[in-house]
Amino acid sequence: GLPVVLRGARASEAGIRALLAAGARDVIALAAPDELLVLRLRTQLLVQRPREEIERRLRRETAVAACARLLVGGGDLPVQLQQVVSLLREATGVSRAYLFRNEMDPELGLVGSQAHEACAPGIEPQIGNPALQRMPLSTTAPNATRMLAEGRVFAGIVAAMEEPELGLLSSQGILSIVILPIFRGAEFWGFIGFDDCERGDAWSPEDVALLKVVAEATGLAVERTHAEREIYRTAGQDALTGLSNRRYMLDRLAQLASETARGDAHFALALVDIDFFKRVNDTHGHAAGDQVLQRFAASLQQHFRPYDLVGRPGGEEFLVVMLNAGAAPQAARLGGRGQEQAGQAGRHGGLGRVVGVSAGGGGS
């Protein structure tokens, strides 16, 4: 609140109380001498500035603490990252906060794609801007990219920056910016950024240090999520062929059955069995049998769409789940395809046409 000056009227006690209750810091009556009036106004303004700074800093510290708790607590990482971006945008008061995810493109090099965003009222969102998806960082913003990849923060007043960052950011109406790198281990995984399109204030070292806490916590959360997914993938993977194992297949089928009951999914099933497989093990040894299984699994997986599920429940049995597919046509074609794949697997293993295949299918 600001000091209130009453001119041309006497303030009653009740009126003064009402003004203070409404947020006034002080009520100064007209009867006060001019020198005293100026002194009291100056004093109030001098007190107000550090008070507002303390309140602003407390808001940012509270938001950073909330973000850190979110990120280290486990859960759905994409949901958490959106919450983090929104919390920090509000606490910092910037025009736009966002998070980019990096990946390496064989032709473009390091590219960044915007994955999360939060905007102040009246600021146009950029999350749907195609120019911010798979953006070649080393050519679009080479100075910023170099600093971020080295683990440094890119921050400052845009008008004082060099090209090409100057042109890139000023064309978007950005007056000041701070971007902090996110690392998953040693990998430059992404970055979190804050655009100010209104005031263009410089970022203090204290504010940057606070935001670095969130960037580091994000890197730890990404590493944790990656480790959890790897554990889940390994637990659901057949060690010999790399296909999904019995446990994972049963879990996925239960999920699909539930979705089918609601009318949300349709799928076809095919059970494939390599005939005379025991003969391979007995005649050529288990190493040759393993090779047949591996080659057949690879051939079978290549034969279906990337989003179909190919698994090995056990032994020489394979299960194919064809998503959003008519069961009858798919299952009918599978027998002939599987026979050919089994023959190819046998030939690759040096066994000629020792093995064959049986297949059956159904669907929902």
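Use the structure listed above.
This text gives an overview of the structure that appears in the document. This one's a predicted model, so the numbers in the text were calculated from it and none came from an experiment. The residue count restarts for each chain, going from 1 along the sequence in the order it is written. Where local features are concerned, this predicted model is filtered to residues with pLDDT of at least 70; where side-chain atom pairs are given and counted, the filter is 80 or more; whole-chain, interface and lining totals use all residues. Only hydrogens and water are set aside when side-chain values are computed; all heavy atoms of the structure are taken into account.

### Brief notes about the sheet that holds strand E6 (residues 154–157)
Consideration 1: Here six strands make up an open sheet; going across it, the order is E5-E4-E3-E8-E7-E6 and the pairing antiparallel. Each edge of the open sheet carries a strand with a single partner, namely strand E5 (135–136) and E6.
Consideration 2: Paired strands, as defined in this entry, are two strands with at least two bridges between them according to DSSP. Going along the chain from the N terminus, every DSSP run of H or I of four or more residues is numbered as a helix, and every run of E of two or more is numbered as a strand. Sheet topology note: the strand E3 (residues 96–105)/strand E4 (residues 109–119) ladder contains ten bridges and is antiparallel. Residue pairing in the sheet places Glu103 in a bridge with Val111 of E4.
Consideration 3: Two residues form a contact once any of their heavy atoms are found within 4.5 Å. Between the N-to-C directions of two axes lies an angle of 0 to 180 degrees, each axis being a line fitted to C-alpha atoms and, for a helix, fitted only over the stretch in contact. Contacts from helix H3 (residues 77–92) reach E3, E4 and strand E8 (187–196), with the element oriented near 65° to E4.
Consideration 4: Taken strand by strand, helix H7 (residues 205–235) contacts E3, strand E7 (176–184) and E8, and its axis lies near 30° from that of E7.

### As for the packing of aromatic side chains
Consideration 1: A pair of Phe, Tyr and Trp rings is counted when the ring centres sit within 6.5 Å of each other, with Trp represented by its six-membered ring. The angle between the planes then sorts it: under 30 degrees is stacked, over 60 is edge-to-face, the rest tilted. The tally for this structure, following the rule as stated, stands at five aromatic pairs.
Consideration 2: For the ring pair Tyr98 and Phe100, a centre distance of 5.8 Å and an interplane angle of 80° mean the geometry is edge-to-face. Accessibility assignment for this pair places Tyr98 and Phe100 in one class, buried.
Consideration 3: Feature note: the residues Tyr98, Phe100 and Phe191 constitute an aromatic cluster, connected by ring pairs. Buried residues are those whose accessible area, probed at 1.4 Å on protein chains only, stays under 20% of the maximum for their type, while exposed residues exceed 50% and partly exposed ones sit between those limits.

### Points about the layout of surface pockets
Consideration 1: A pocket, in this scheme, is an open set of points on a 1 Å grid over the protein atoms alone with protein on both sides within 12 Å along at least 5 of 7 lines, while a cavity is a set where a 1.4 Å probe fits but cannot get out; residues line either one if an atom lies within 4 Å of a point. Grid points are joined across faces, edges and corners, and a volume is the space filled by probe spheres set on the points. Reported here for the largest pocket is a volume of approximately 400 Å³.
Consideration 2: Every residue lining the largest pocket is counted, 25 residues in all, and those nearest its centre are Leu132, Met135, Leu168, Leu169 and Gln172.
Consideration 3: Gly counts as polar in this scheme, as do all residues outside two lists: the nonpolar Ala, Val, Leu, Ile, Met, Phe, Trp, Tyr, Cys and Pro, and the charged Asp, Glu, Lys and Arg. Each residue belonging to the lining of the largest pocket can be placed in one class, and the counts come to 16 nonpolar, six polar and three charged.

### A short note on unusual backbone geometry
Consideration 1: Omega for the bond connecting Glu163 with Pro164 falls within 30 degrees of zero, at 5°, which places this linkage in the cis form.
Consideration 2: Note on placement: Pro164 falls in the loop between E6 and helix H6 (165–170).
Consideration 3: Despite not being glycine, Arg134 has its phi angle at roughly 55°, a positive value.
Consideration 4: For Arg134, a relative accessible area of 34% translates into the label partly exposed.

### Some details on helix H9 (residues 277–284)
Consideration 1: Turning to H9, its buried residues number three or more, namely Phe277, Val280 and Asn281. One face of H9 carries all of its buried residues, which in axial projection span an arc of 95°. Within H9, the exposed residues directed more than 90 degrees away from the buried face are Lys278, Asp282 and Thr283.
Consideration 2: The inward-facing, buried residues of H9 contact strand E9 (267–275) and helix H10 (286–303).
Consideration 3: Gly285 sits one or two residues past H9 and shows a positive phi near 100°. Starting at the helix axis, one direction is taken to each C-beta atom, and the arc is that of these directions.

### Let's talk about empty space enclosed by the protein
Consideration 1: Within the structure shown, the criterion is met by one cavity of 30 Å³ or more.
Consideration 2: Empty space within the largest cavity amounts to approximately 50 Å³.
Consideration 3: Of all the elements in the fold, those that place two or more residues in the lining of the largest cavity are helix H2 (34–72), H3 and H7.
Consideration 4: Class assignment for the residues of the lining of the largest cavity results in five nonpolar, one polar and two charged.

### Quick notes on the pairing of E3
Consideration 1: A large share of E3 lies buried, amounting to seven of its ten residues.
Consideration 2: In textbook terms, the turn of a hairpin is the stretch between consecutive antiparallel strands, and for E3 and E4 this stretch comprises three residues.
Consideration 3: Both E3 and E8 contribute to a ladder of six bridges, which runs antiparallel. Directly across from Phe100, in E8, lies its bridge partner Phe191.

### Focus: the nonpolar core
Consideration 1: Judged by nonpolar contacts, the single largest core of 30 residues is most densely connected at Leu71, Leu88, Val178, Leu180, Ile192 and Phe194.
Consideration 2: Going through the elements one at a time, H2, H3, E3, E7, E8 and H7 are the ones with two or more residues in this core.
Consideration 3: At eight residues, the largest contribution of residues to this core is made by H7.
Consideration 4: Beyond its immediate sequence surroundings of up to four residues, Val178 is in contact with Val153, Phe154, Ala155, Ile192, Gly193, Phe194, Trp203, Val208 and Leu211. The set of buried Ala, Val, Leu, Ile, Met, Phe, Trp, Tyr and Cys residues whose side-chain atoms join them within 4.5 Å is what this entry labels a nonpolar core.

### With respect to the pattern of salt bridges
Consideration 1: We define a salt bridge as a contact between a side-chain nitrogen of Lys or Arg and a carboxyl oxygen of Asp or Glu at a distance within 4 Å. In the structure shown here, the tally under the stated rule is 13 salt bridges.
Consideration 2: Taking the shortest distance from any N to any O, the salt bridge between Arg96 and Asp195 comes out at 3.3 Å. Placement of the pair is Arg96 in strand E3 and Asp195 in strand E8, with a sequence separation of 99 residues. Both residues of the pair, Arg96 and Asp195, count as buried.
Consideration 3: Close ionic contact of Arg199 with Asp201 constitutes a salt bridge, the shortest N to O distance being 3.3 Å.
Consideration 4: Judged by relative accessible area, which is 42%, Asp201 ranks as partly exposed.

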